[in-house]
Amino acid sequence: MDASVKSAIMQELAKVIFSYTAYPTNQQILSVAEALVSKFPCLREPGSFAGLYGWQQRIKNKMHNYRAKLRSRKYSYPEIEINTLKRKHPGDAVPSKNIKKPKKAEVNYLPPHPTGESQETLEKERLDLIFEITKKNNAKIIADKMNKTFSSRRVEVVSLSPSVGVFKERWPALFTEAQIKEEFRRITTVSLEETFMRKLDEYTPGLLRLMRAKGGAAGCKMRPLLDTLNDECEDYTDKTMKVIVKHSVMAEEDPSDLSIVIEGNQVMEGCGSRTKACILLMGLIYAINIEYPKELKNTFEAFQKLFLEIDGAKLLKKVHSLKKISSCSRHTFPLLFEEDL
């Protein structure tokens, strides 16, 4: 193939890939290479694995060069700028170290500011928001300002990684059901509650059968969740991440008794149901840009990749096994996997 043709192909691929993410994963690069040779079989390379390996390496190298080229331009690309050496901690001043990039398939991880806006003008909007939430019947104004300041929040949570308590003080309007759902949609383009509930219904019967069939220590711990529980009321001051239920799970749920705790801070209360609390917790994880707790990694991966259908092509072994079942209970899923107990 003529080198100029190959170069033109790589340039166009880089533009399209960058419109989705500045840092494509190996899986995403493989998907692009597969789509390329599938549409244009003449590009398949004899002698390389599946005729794709050469294209995978070219795409990977091209994205590296494409990011470097954009850094030299006058336009702002926050997702690239945040990883420049001058913005890193001195101890991390190595190009390949501590790169900030989407880890949960975020579509709008670090979007640019709206045209004509800067961090300074958006800071004024943030202060206005704090004043607006004290008023009544102005949900539309709050929604508009939250949408306008989205890029500013992303810069803050990605670059500064503030504590949950500090972030809630600065952005109190975010910590409502409506705005958590909107923020999740802005980040992923996915409808949080509708998608989660649709897939949850699909998985319910099979997971119930699986949970009831479990034996050993895991079964002994799960069985009370499926039968009855004593009243709960926990001290959450030292909990990293928790959904708190303050009544018997067999009783009718009181919305005021369901809370979400992150880093020891009660960030939401009156969630309505355990299902709604878990949905909002997923929204908060994305909005605050925090990692899944190690002890609940499989559970949250199932929430993300099965119930929200985000980056579902690559699954952990136990999540993949769950996918083969066709369901999950609305009332008993805060712990799905044995190592989460």
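For every chain, the first residue of the written sequence is number 1, and numbering continues from 1 onward in sequence order. A pLDDT threshold of at least 70 governs which residues receive local features in this predicted model, and a stricter bar of 80 or more applies before side-chain atom pairs are shown or counted, although totals over entire chains, interfaces and linings include all residues. Side-chain metrics rest on all non-hydrogen atoms present in the structure, leaving aside hydrogens and water.

A. Inspection of the overall build of the protein at higher detail. The number of helices and strands found in the protein is 14 helices and three strands. By the burial criterion, 43% of the 341 residues in the protein qualify as buried. By definition in these notes, contact holds between two residues if any of their heavy atoms fall within 4.5 Å. Intrachain contacts of the protein at a sequence separation of at least 6 include 58% that bridge at least 24 residues. Here the open area of atoms and residues is found with the Shrake-Rupley method and a 1.4 Å probe, where only the protein chains shown may cover a residue. Surface accessibility of the protein: about 18200 Å² in total, with carbon and sulfur atoms responsible for 54%. Per the convention used, a helix needs a DSSP run of H or I reaching at least four residues, while a strand needs a run of E reaching at least two, with both numbered from the N terminus. Per-residue accessibility, obtained with a 1.4 Å probe over protein chains only, is compared with the maximum for each type, and a residue is labelled buried under 20%, exposed over 50%, and partly exposed between these values.

B. Region of the structure containing unusual backbone geometry. If you check the backbone angles, S161 has positive phi at about 45 degrees while not being a glycine. When you line up the elements, S161 lands in the loop between α7 (150–160) and α8 (164–170). With a phi close to 60 degrees, N289 is a non-glycine residue in the positive phi region. With respect to the secondary-structure elements, N289 resides in the loop between α12 (274–288) and α13 (297–307).

C. Structural detail: the packing of aromatic side chains. Centres within 6.5 Å make a pair out of two Phe, Tyr or Trp rings, where for Trp the six-membered ring is used; the pair is then stacked when the planes are under 30 degrees apart, edge-to-face when over 60, and tilted otherwise. Applying the stated criterion across every chain, the model contains nine aromatic pairs. Ring centres of F167 and F175 lie 6.5 Å apart, and the angle between their planes is 70 degrees; this geometry places the pair in the edge-to-face category. This pair shows no difference in class: F167 is buried, exactly as F175 is. Following the ring pairs from residue to residue traces out a cluster consisting of F196, Y203, Y292, F300, F303 and F307. Above the ring of W55, the side-chain terminus of R58 is found at 4.8 Å from the ring centroid. Sitting over the ring of Y292, K104 keeps its end group 5.7 Å from the ring centre. For a lysine, the NZ atom is tested; for an arginine, the CZ atom; a charge sits over a ring if that atom is within 6 Å of the ring centre and within 35 degrees of the ring normal.

D. Quick peek at the confidence of the model for the protein. Summing up the model confidence of the protein, the mean pLDDT is 80 and the portion of residues at 70 or higher is 74%. What pLDDT conveys is the predictor's confidence in a given residue, as a value from 0 to 100. Note on residues 327–332: pLDDT under 50 across the span, and 28 contacts to partners over four residues away in sequence or across chains.

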